[in-house]
Amino acid sequence: MRNHTYLKLTGIYKRYKGYVETKELLGEGFSNRQIGVLTEEGYLEKVCHGHYWLTGQCSKPQDYKCIEVCLSNPRAVICMGSAIYYQGGMAEEPEYLSVATERTDRSLLKMNFPVKRHYFSENNFKAGIRKRDTEFGSYHIYDMERSICDMLRFDPEIKLEILDQVRNNEQRYERMIRYAELFRIKRRI
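Colleague: Help me out: how do you make sense of the pairing of strand β2 (residues 44–48) in this one?
Modeller: For a regular strand, the rule is simple: side chains alternate between the two faces of the sheet. Both β2 and strand β3 (residues 51–54) contribute to a ladder of four bridges, which runs antiparallel. Counted as the bridge partner of Glu45 is Trp53 from β3. In this antiparallel pair of consecutive strands, β2 and β3, the connection spans two residues, and Gly50 shows a positive phi of 85°.

Colleague: Just to check I follow, could you spell out the packing of aromatic side chains for this structure?
Modeller: In this description, a pair of aromatic rings is defined by centroid distance and the angle of the planes. Per the counting criterion, the structure on display carries six aromatic pairs. With centroids separated by 4.7 Å and ring planes inclined at 65°, the aromatic side chains of Tyr19 and Trp53 adopt a geometry described as edge-to-face. Taken together, the residues span a long stretch of sequence, with Tyr19 in strand β1 (residues 19–21) and Trp53 in strand β3 at a distance of 34 residues. One exposure class covers both Tyr19 and Trp53, and it is buried.

What counts and what doesn't
- Residues numbered from 1 in each chain as written.
- Predicted model: local features only at pLDDT ≥ 70, side-chain atom pairs only at ≥ 80, totals over all residues.
- Heavy atoms only, no water.
- Pairing = 2+ DSSP bridges.
- Helix = DSSP H or I, 4+ residues; strand = E, 2+ residues; numbered from the N terminus.
- Phe/Tyr/Trp six-rings, centres within 6.5 Å; stacked < 30°, edge-to-face > 60°.
- Buried < 20%, exposed > 50% of the residue type's maximum accessible area, 1.4 Å probe, protein only.

This is the structure we're talking about:
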């Protein structure tokens, strides 16, 4: 490729922070062929359909998996053990990212890391969603209390220290009890 293509890429690094969409690259004057070559050469990393990470500019944030899943499917919500980990409730990251979608959502989640998808009914899906904004993008995540209730429903091996964190805070414990009533698991708590 010509040197002026690489100079344009330097301008992209200055204007965009981290993630860039294909339409933004096309708007900056790159062709699809140039985008493909830049990806092969390692200047761009394909995250998902239509989204790239600008390699060499800075390192990815700690929660890059959450951001990338929500770039792939903006309706996805980080749930269960992954949500607890990214909110500081667990010291060790789960081996796969747990993602919740509505039962009717059949969009693909082809990611560069392992993802476990959970389908929820419309009523249960909307409870406890929080939006987290970062300098690289935003994503949806269930709050800690909702995530603990989901773990109790689907993974009975939940660690007791996570439950103790919530039980020691009266306001958080009451919120967890409301979720437990909604999901009909109050007796397990």
